[in-house]
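Observations on the three-dimensional arrangement
Okay, here's what each chain looks like letter by letter:
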Amino acid sequence: MGRTYSAPAARKAICLLELMATEDKPFSVTELATRLDVTVNSVFRILKELETLQYIVKNESDSTYTLTAKLYYLGISLSSRISLKHSAQPFLTRLREETHETVLLTTFGQHYATLIVDQQISSEPIKFISTAGPEYASYSSAMGKAMLACLSTQELEDYLSWVNFAKVTEYTISSPDELRRELVQVRTQGYAVDMQESVLGLKCVAAPIFSIGGRLEGALGVSALAFRLPDVKLPSVARTVCEQARLLSASLGYNG
């Protein structure tokens, strides 16, 4: 059996930084100790080291601590090398291997339209193939609805005031109230579906992707020909999609 190594001090320091980054406010030593369930002395030593390294600064007026911009610049440096598309590759591959269908990675484009960032094509002889780059209506796609469900009330109302509901198929959502009702269901179950709403003969299942702090990054979805995705199979595929979306989110720093 291999030896297991651990570094409790490093773990505590990382947890402290993550807490301070998630909640944009000053923290006292006592509050940090309570929130992290560690001793005041441990927190004080970590804060002193981070202050020396210029990751935090002490507010002399009330003895609280806040983050400096150093972590931000580290994040900018990292994001220039690691994109969402790059990070999602193993999860797209696993999802395609488990479902044998075309899998899509999307994010928001202009005016909350759905922008396909990447895809991996189905291994089936008859398959759905999309195009990365163009923007698609969010109200009629599973990926779009998965992302719309994560908007704030004001953001959603802004989208609804702008979008023109075009009924592409007989199943397409055609009104703001109908979309609002469906988004409530999406939030409840954790995934969205497209039941031939954008293309006749095509069904999709998608779940949202988040990064650190609960930031919405996009959606991960499966698109399949309707005869290969009957209603009885939807819950199973949805569980698989949600699991890969959860794992991808965790890899991006989301701990919700």
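No experiment lies behind these values; they were computed from the predicted model shown. (Residues numbered from 1 in each chain as written. Predicted model: local features only at pLDDT ≥ 70, side-chain atom pairs only at ≥ 80, totals over all residues. Heavy atoms only, no water.)

1. Digging into the sheet that holds strand 8 (residues 215-225)
- An order of 5-4-3-8-7-6 is seen for the 6 strands of this open sheet, with the pairing classed as antiparallel. Every interior strand has two partners, whereas the edge strands, strand 5 (135-136) and strand 6 (192-195), have only one.
- In this sheet, strand 5 lies alongside strand 4 (residues 114-120) in antiparallel orientation, the contact comprising 2 bridges. Counted as the bridge partner of Thr114 is Tyr136 from strand 5. (Pairing = 2+ DSSP bridges. Helix = DSSP H or I, 4+ residues; strand = E, 2+ residues; numbered from the N terminus.)

2. Considering helix 3 (residues 40-52)
- The terminal C-alpha atoms of helix 3 lie 18 Å apart, and with 13 residues this matches the ideal 18 Å at 1.5 Å per residue to within 8%.
- Those residues of helix 3 that fall on the buried side of the exposure criterion are Ser42, Val43, Ile46, Leu47 and Leu50. The arc that holds the buried residues of helix 3, viewed along the axis, is 130 degrees, so those residues lie on one side. Summarising the geometry of helix 3, the exposed residues directed more than 90 degrees from the buried face are Asn41, Arg45 and Thr52.
- Two residues or fewer past helix 3, Gln54 is found with a positive phi of approximately 70 degrees. (Expected span 1.5 Å × (residues − 1). Buried < 20%, exposed > 50% of the residue type's maximum accessible area, 1.4 Å probe, protein only. Arc of directions from axis to C-beta.)

3. A look at the state of the cysteines
- Inspection of every chain in the model, using the stated rule, returns 0 disulfides.
- No disulfide involves Cys150; its sulfur sits 11 Å from that of Cys242, the nearest cysteine.
- Relative accessible area serves as the criterion here: at 31%, Cys150 is assigned to the partly exposed category.
- For Cys242, a relative accessible area of 23% gives the class partly exposed. (Disulfide = S-S within 2.5 Å.)

4. Describing the nonpolar core
- In this structure, Tyr159, Phe165 and Leu179 are the most contacted members of the largest nonpolar core, which totals 24 residues.
- Of all the elements in the fold, those that place two or more residues in this core are helix 6 (142-148), helix 7 (153-162), helix 8 (176-189) and strand 7 (202-211).
- Per-element accounting of this core gives the leading share, 5 residues, to helix 6.
- Residues within four places of Leu179 in sequence aside, it is in contact with Tyr139, Lys145, Leu148, Tyr159, Leu160, Phe165 and Ile173.
- By size, the runner-up hydrophobic cluster in this structure holds 22 residues, among which are Leu84, Tyr191, Ile209 and Leu220. (Core = buried A, V, L, I, M, F, W, Y, C linked by side-chain atoms within 4.5 Å. Contact = heavy atoms within 4.5 Å.)

5. Re the confidence of the model for the chain
- In the predicted model, the chain carries a mean pLDDT of 89, and 92% of its residues have values of at least 70.
- Within the chain, helix 4 (residues 70-79) has the poorest average pLDDT of any element, 67, and helix 6 the best, 97. (pLDDT = per-residue confidence, 0-100.)

6. Things to note about the side chain of Ser138
- With respect to the helices, strands and loops of the structure, Ser138 is situated in the loop between strand 5 and helix 6.
- Those residues in contact with Ser138, other than ones at most four positions away along the chain, are Phe108, Tyr112, Ala113, Thr114, Gly144, Lys145, Leu148 and Tyr159.

7. Some thoughts on the environment of Ser211
- Positionally, Ser211 belongs in strand 7.
- Excluding residues that lie within four positions of it along the chain, Ser211 makes contacts with Glu217, Leu252, Gly253 and Tyr254.

8. Here we look at helix 2 (residues 29-36)
- Those residues of helix 2 that fall on the buried side of the exposure criterion are Val29, Leu32 and Ala33. Buried residues of helix 2, viewed axially, fall in a sector of 100 degrees; they line one side. Relative to its buried face, helix 2 has exposed residues pointing more than 90 degrees away, namely Thr30 and Thr34.
- Turning to helix 2, the residues buried within the fold contact helix 1 (8-22), helix 3 and strand 2 (64-67).
- Asp37 lies just past helix 2 and shows a positive phi near 60 degrees.

9. A look at the pairing of strand 3 (residues 102-108)
- The buried fraction of strand 3 amounts to 5 of the 7 residues, a majority that puts the element mostly inside the structure.
- By the bridge criterion, 5 bridges tie strand 3 to strand 8 in an arrangement that is antiparallel. Bridging across to strand 8, Val103 finds its partner in Val222.
- Pairing of strand 3 with strand 4, which is carried by 6 bridges, proceeds in the antiparallel orientation. Bridge pairing in strand 4 links Thr106 to Ile116.

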